[in-house]
Protein chains: 2
Amino acid sequence: MLNFEFKNPTKIIFGKGEISKIAAEIPKDQKILITYGGGSIKKNGVYEQVMQALQGHEVLEFSGIEPNPTFETLSKAVTLVQKENVDFLLAVGGGSVLDGTKFIAAAACFEGDSWDLLAKQAPFEKALPLGAVLTLPATGSESNGGSVITKKATQTKLPFGSPLLFPQFSVLDPTVTYSLPEQQISNGIVDAFVHVVEQYLTYPVNASIQDRFAEGLLLTLIEEGPKALENQEEPNYEVRANLMWAATMALNGLIGKGVPQDWATHMIGHELTALHGIDHARSIAIILPNMMQVRRTQKRAKLLQYAERVWNITTGDEEAIIDQAIQKTREFFESVGVPTRLGDYGVKEQDIPAIIEQLTNHRMVKLGEQREVTPEVSRQILELSL
Amino acid sequence: MLNFEFKNPTKIIFGKGEISKIAAEIPKDQKILITYGGGSIKKNGVYEQVMQALQGHEVLEFSGIEPNPTFETLSKAVTLVQKENVDFLLAVGGGSVLDGTKFIAAAACFEGDSWDLLAKQAPFEKALPLGAVLTLPATGSESNGGSVITKKATQTKLPFGSPLLFPQFSVLDPTVTYSLPEQQISNGIVDAFVHVVEQYLTYPVNASIQDRFAEGLLLTLIEEGPKALENQEEPNYEVRANLMWAATMALNGLIGKGVPQDWATHMIGHELTALHGIDHARSIAIILPNMMQVRRTQKRAKLLQYAERVWNITTGDEEAIIDQAIQKTREFFESVGVPTRLGDYGVKEQDIPAIIEQLTNHRMVKLGEQREVTPEVSRQILELSL
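Residues numbered from 1 in each chain as written. Chains lettered and ligands numbered in written order. Predicted model: local features only at pLDDT ≥ 70, side-chain atom pairs only at ≥ 80, totals over all residues.

1. Notes on the overall build of chain A
The secondary structure content of chain A amounts to 15 helices and 8 strands. Taking all 386 residues of chain A together, 54% fall into the buried category. Here the analysis covers contacts within chain A between residues at least 6 apart in sequence; of these, 78% occur between residues at least 24 apart. (Helix = DSSP H or I, 4+ residues; strand = E, 2+ residues; numbered from the N terminus. Buried ≥ 20, exposed ≤ 12 C-beta atoms within 10 Å, placed from the backbone. Contact = placed C-beta atoms within 7 Å.)

2. What about the interface of chain A and chain B?
Facing the 32 residues of chain A at the interface are 32 residues of chain B. Listing elements by their share of the side of chain A that touches chain B, those giving two or more residues are strand 1 (4-14), helix 8 (208-229) and helix 9 (237-250) of chain A. For the side of chain A that touches chain B, the element with the most residues is helix 8 of chain A, which contributes 10 residues. Looking at the side of chain A that touches chain B residue by residue, the class counts come to 15 nonpolar, 8 polar and 9 charged. Across 7 bridges, the pairing between strand 1 of chain A and strand 1 (residues 4-14) of chain B is antiparallel. Bridge assignment links Phe4 of chain A to a residue of strand 1 of chain B, and that residue is Phe14 of chain B. (Nonpolar A, V, L, I, M, F, W, Y, C, P; charged D, E, K, R; others polar. Pairing = 2+ DSSP bridges.)

3. Observations concerning the relation of the copies chain A and chain B
With an RMSD of 0.0 Å, the operation that places chain A on chain B is a rotation of 180 degrees combined with a shift of 0.0 Å along the axis. Here the symmetry operator amounts to a two-fold rotation axis. Distance from the rotation axis, computed per C-alpha, reaches its smallest value in chain A at Pro9 of chain A: 2.3 Å. Looking at chain A, 100% of its interface residues are interface residues in chain B too, so the copies touch through the same face. (Least-squares fit on C-alpha atoms with pLDDT ≥ 70 in both.)

4. Some details on the pairing of strand 8 (residues 169-172) of chain A
All names here are of chain A. Every second residue of strand 8 is oriented toward a common face, with Phe169 and Val171 on one face and Ser170 and Leu172 on the other, all of them buried. Sheet topology note: the strand 1/strand 8 ladder contains 4 bridges and is parallel. Across the sheet, Ile12 pairs through a bridge with Ser170, a residue of strand 8. In terms of strand pairing, strand 5 (residues 130-134) meets strand 8 through 3 bridges, oriented parallel. When the sheet's bridge partners are listed, Val133 is paired in strand 8 with Val171.

5. Re the sheet that holds strand 5 (residues 130-134) of chain B
Hydrogen bonds between backbone atoms are what pair the strands of a sheet, whose relative direction is either parallel or antiparallel. If you trace the 12 strands from one edge of the open sheet to the other, you get 3(A)-2(A)-4(A)-5(A)-8(A)-1(A)-1(B)-8(B)-5(B)-4(B)-2(B)-3(B), paired in mixed fashion. Strands with a single pairing partner mark the edges of an open sheet, and in this sheet they are strand 3 (58-62) of chain A together with strand 3 (58-62) of chain B. Direction aside, the axes of adjacent strands within the sheet are offset by 25 degrees on average. For strand 4 (residues 88-93) of chain B and strand 5 of chain B, the ladder comprises 5 bridges, and the chain directions are parallel. Within strand 5 of chain B, the position partnered with Leu90 of chain B by the bridge is Gly131 of chain B. (Axes fitted to C-alpha atoms, helices over the stretch in contact; angles between N-to-C directions.)

6. Topic: the domain arrangement of chain A
All names here are of chain A. By domain assignment, chain A separates into domain 1 (11-175) and domain 2 (181-384). On a C-alpha basis, the centres of domain 1 and domain 2 stand 26 Å from each other. Across the boundary between the two partners, domain 1 contributes 19 residues, which contact 25 residues of domain 2. In terms of residue count, strand 7 (residues 156-161) provides more of the side of domain 1 that touches domain 2 than any other element does, 3 residues in total. Class assignment for the residues of the side of domain 1 that touches domain 2 results in 7 nonpolar, 9 polar and 3 charged. (Domains from an automatic or database assignment.)

7. A look at the environment of Pro339 of chain A
Residues and elements named next belong to chain A. Its location among the elements puts Pro339 in the loop between helix 13 (318-335) and helix 14 (352-361). Linking Pro339 and Glu182, residues 157 residues apart in sequence, is a C-alpha distance of 14 Å. The contact partners of Pro339, leaving out residues within four places of it in the chain, are Glu334 and Asp344.

8. Here we look at helix 5 (residues 95-107) of chain A
Since the α-helix packs 3.6 residues into each turn, any two residues three or four apart lie on the same face. Taking 1.5 Å per residue, 13 residues should reach 18 Å; helix 5 of chain A reaches 18 Å between its end C-alpha atoms and fits that length. Judged by how many residues are buried, helix 5 of chain A sits mostly within the fold: 13 of 13 residues are covered. (Expected span 1.5 Å × (residues − 1).)

9. As for the packing of helix 12 (residues 300-311) of chain B against helix 13 (residues 318-335) of chain B
Residues and elements named next belong to chain B. Put simply, helix 12 and helix 13 touch, their axes get as near as 9 Å, and they point 60 degrees apart. With respect to their mutual orientation, helix 12 and helix 13 come out oblique. Note on packing geometry: the crossing formed by helix 12 with helix 13 is left-handed. Of helix 13, the residues touching helix 12 (which contributes Leu303, Leu304, Tyr306, Ala307 and Trp311) are Glu318, Ile321, Ile322, Gln324, Ala325 and Lys328. (Parallel < 35°, antiparallel > 145°, perpendicular 65-115°, else oblique. Left-handed = near helix turned anticlockwise from the far one by under 90°.)

10. Description of unusual backbone geometry
Residues and elements named next belong to chain A. The residue Arg363 is not glycine, and still its phi comes out positive at about 60 degrees. Along the chain, Arg363 falls in the loop between helix 14 and helix 15 (375-384). One non-glycine residue with positive phi stands out, namely Arg371, at about 55 degrees. Here Arg371 lies in the loop between helix 14 and helix 15. Under the C-beta neighbour-count criterion, Arg371 is labelled exposed, with 10 such atoms within 10 Å.

11. What to know about the confidence of the model for chain A
Mean pLDDT over chain A works out to 97, with 100% of the residues at or above the 70 mark. Of the two predicted TM-score estimates for the complex, the pTM is 0.97 and the ipTM is 0.96. (pLDDT = per-residue confidence, 0-100.)

12. Considerations on helix 8 of chain A
Residue and element names in this part refer to chain A. Along its 22 residues, helix 8 runs 32 Å from first to last C-alpha, staying within 8% of the 32 Å computed at 1.5 Å per residue. Of all the bends in helix 8, the greatest, near 25 degrees, is centred on Glu223, and the proline Pro226 appears no more than four residues after it. In terms of burial, helix 8 is largely enclosed, as 16 of its 22 residues are buried. Directly after helix 8, the chain includes Asn231, whose backbone phi takes a positive value near 50 degrees. (Bend = angle between axes of the 7 residues up to and from the residue.)

So this is what it looks like as structure tokens:
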């Protein structure tokens, strides 16, 4: 096991009917800005529950945070926060609203060009406090200090983060997910799955608990994911609860502590999203199976462990076992309705050079746990993904 | 899954050589009281590392916190803290030093008889901040807000706790455990194992992740525990690291959230310790197998899951599977050097009524996840344990 530090101060408030508890988490004298996306929270009753809970607080609103939240949109919120002297940000939505709200929190206290927070990873000492009411289990942003923001002008999607950006609290009410469209449920399952794999499928460092926990999350997603897509008119609370908790645990930092991490799949996926508008989860579902394929030598020991413990593949020679594990991964994504080929999204061979060029522009040239995913390796992976 | 709230603000600093980091965690202007036990930290170099790290801080010491820390001893520390206006408590030791230091932290700020914190579960609004350098992986006290204290005068061992009592940080350096006597290693393995079981082996609520995590911890303890006892002259870092992290994860609150919890084994074990001086881990190793036996009907579904996933017992009829799982549990404890019969510790049939009387005195009369472990059930369990 590698040395590590772990601290996650976010208070999780989990369960049916818990949104009302937010009132007790934000001091009465704080001016709150509620941030949200396209307005689905006004259709599914979440907006109403939040407003009901916050009666007696001074509340402003900022809506229109898009999927893959943009610097351009969020900068308008920053101006509003500064003008109105907002004290507390309450994100009501999924990972995009969360990530966008973290950017607002940091940028509102930052002097200078706030894009530097991403492009130059500019350090910062202050951020507004934030909380969250999660509506879409997927990214884990509700319980970590990370964020990914897109600059529309240059089609650049970059991550940043800080311990200052952990939400103070996050409410996770699984019933809120009942009204999600099928595609968002599918995406959430795949997103959480790949988050786990990026922290697990590297090389062994004898971190028994991290491995067992990662495998437990993968097994949960494999067992519960398909159930969430059956009979969506009568959602199963337990299934939704398990998926919601899985997505949080997948990226709240715990399983990645003391082990090498990969994240190459994410970085290549980000370029697919920025250039071709492919949903984040779908972009990484395309890349992951071929990342496993191209790096099967370096990831051999963990691929064999993954095959046995997650997919129960124990017979055949080792190469065949790894082949099956990769195939099972692809089939799982497809089984929850996520196509795994670039062609399924209209991306063609001639589009690959531009993707590689963007990876290079963004200095994503030595990716992965061993920093060996060069642009040439990324190209191989993309070509296999056609 | 049941509704839950989860917040664990303790910063974990994990790994070889990390004790020096404590200096950065405590402001320079704070007067520190270091608390420890019988002085083993002076033999294994931990005391020296701590003192080295705290050069430039004002440091006082309080030693002599015993296993099953007593109200009587700790009250002396409380007097010292109040007299010297100590700002920060640094526990250097195992669970007993941690638990004792939590009592000091609360009692030093408490008006009135501080035994009321235990006996009357008196509420309190303030406690001194504390940190820890852990020397013995076992209780999980380094990352939770709980504590168990014994009043020697009445042989009463009682728990208390508060979110105020989470350590601000805990340093977990696995190399510190290299010098532990075999009995303490064994006890730590069993203690962590039973902590997990108390939160896992109840009745199913479809909490897939909590179950998988609990099973992952049990598997880690089963696989790594015996290795720690082999070849103790040349300790294996990875094994010690896995055990140390397992003990913390077993009782940092995570796996018990959203699920029913039992703790009847602990409450009966506490009486054995208070009356007969049996080590805590040994007291619960005696009780647990017979708790499973006596409550096998109520715990049936989880016992079958435990048998399959933890012990890989899949053949035979269900009663035989449960019998084997109980037997495997007992054998595991014995295999790490922990005897599991009352007779092994000199406790006889005629001692049972006094144990039952103490349970009743301490109002431990409706124990377990279904509150059905009455004194009569406890008596059955104790009789089976002879």
